[in-house]
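Below are the chains, spelled out letter by letter.
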Amino acid sequence: DILVILNTKNSARETFEFICNEINCESVDVYFLTTLITPFERKVIIDLIKQESEKQKIIISTQLVEAGVDISVDTVADRDLYLCRQPHCPAQAACI
């Protein structure tokens, strides 16, 4: 699973729309999380993300996920576009 953290709501929305138009949704679930979405809807989406699935998950978000959202992913691409193998890794350590 992949988490992409972007700086602005607009860039997150544009990235989400681009990915949705470019990938095969039969094998990948794409999720969008920002404060543009109501807290109730965000909780529903987070619960869906946490469910076990055979599909790969791509989560597009703003820094919202850095404030106590508990999700597990294999790879994180933060707003500086470092690709990290583990969530919360320092930019100089486990990033490629």
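How each quantity is defined
Residues numbered from 1 in each chain as written. Predicted model: local features only at pLDDT ≥ 70, side-chain atom pairs only at ≥ 80, totals over all residues. Heavy atoms only, no water. Helix = DSSP H or I, 4+ residues; strand = E, 2+ residues; numbered from the N terminus. Buried < 20%, exposed > 50% of the residue type's maximum accessible area, 1.4 Å probe, protein only. Contact = heavy atoms within 4.5 Å. Areas by Shrake-Rupley, 256 points an atom, 1.4 Å probe, with all protein chains shown as cover. Pairing = 2+ DSSP bridges. Right-handed = clockwise from strand over helix to strand, strands pointing away. Patch = residues over 30% accessible without salt bridge, like charges linked within 9 Å, V, L, I, M, F, W, Y side chains within 5 Å. Salt bridge = Lys/Arg side-chain N within 4 Å of Asp/Glu carboxyl O. Core = buried A, V, L, I, M, F, W, Y, C linked by side-chain atoms within 4.5 Å. Polar contact = N/O pair within 3.5 Å; in protein donor to acceptor, adjacent residues only side chain to side chain. Expected span 1.5 Å × (residues − 1). Arc of directions from axis to C-beta.

1. A short note on the overall build of the protein
Stage number 1. Across its full length, the protein holds 2 helices and 5 strands.
Stage number 2. Scanning the protein from its N terminus toward the C terminus, one meets helices and strands in the order β-α-β-α-β-β-β.
Stage number 3. Each of the 96 residues in the protein was classed as buried or not, and the buried ones make up 36%.
Stage number 4. Sequence separation of 24 or more characterises 59% of the internal contacts of the protein that already satisfy a separation of 6 or more.
Stage number 5. Summed over all atoms, the accessible surface of the protein reaches about 6,200 Å², with 52% contributed by carbon and sulfur.

2. Here's the deal with the pairing of strand β1 (residues 2–5)
Stage number 1. Relative to strand β3 (residues 56–61), β1 is paired through 4 bridges, and the arrangement is parallel. In the sheet register, isoleucine 2 faces β3, and the bridge partner there is isoleucine 58.
Stage number 2. Relative to strand β4 (residues 75–77), β1 is paired through 3 bridges, and the arrangement is parallel. Its bridge partner being in β4, isoleucine 2 is matched across the sheet by threonine 75.

3. Focus on the pairing of β3
Stage number 1. Across the 6 residues of β3, 5 count as buried, placing the element largely inside the fold.
Stage number 2. Here strand β2 (residues 28–33) runs beside β3; their pairing, made up of 6 bridges, is parallel. Bridging from a neighbouring strand, tyrosine 31 pairs with isoleucine 59 of β3.
Stage number 3. A crossover connection joins β2 to the parallel β3 through helix α2 (residues 39–50); in handedness this β-α-β unit is right-handed.

4. Overview of a nonpolar patch on the surface
Stage number 1. A contiguous nonpolar patch, built from Phe40, Val44 and Leu48 and spanning about 290 Å² of accessible area, is present on the exposed surface.
Stage number 2. Note on placement: leucine 48 falls in helix α2.

5. Here we look at the nonpolar core
Stage number 1. Formed by 24 residues in total, the largest nonpolar core has its most connected members in Leu3, Leu33, Ile49, Ile59 and Ile60.
Stage number 2. For this core, the secondary structure elements donating two or more residues are β1, α1 (9–22), β2, α2, β3 and β4.
Stage number 3. Top contributing element to this core by residue count: β2, with 5 residues.
Stage number 4. Beyond its immediate chain neighbours, meaning those up to four positions away, isoleucine 59 contacts Ile2, Leu3, Val4, Tyr31, Leu33, Ile49, Ile71 and Val73.

6. Some words on the side chain of aspartate 29
Stage number 1. In this structure, aspartate 29 sits in strand β2.
Stage number 2. Side-chain polar atoms of aspartate 29 contact the side chain of lysine 55, separated by 3.4 Å.
Stage number 3. Those residues within four positions of aspartate 29 in sequence are excluded, and the remaining contacts are Ser53, Lys55, Gln56, Lys57 and Ile58.

7. Overview of α2
Stage number 1. Here α2 spans 16 Å end to end across 12 residues, near enough to the 16 Å set by a 1.5 Å rise per residue.
Stage number 2. Looking only at α2, the buried set comprises Arg42, Ile45, Ile46 and Ile49. Down the axis, α2 shows its buried residues gathered within 100 degrees of arc, on one side only. Away from its buried face, by an angle of more than 90 degrees, α2 presents the exposed residues Phe40 and Lys43.

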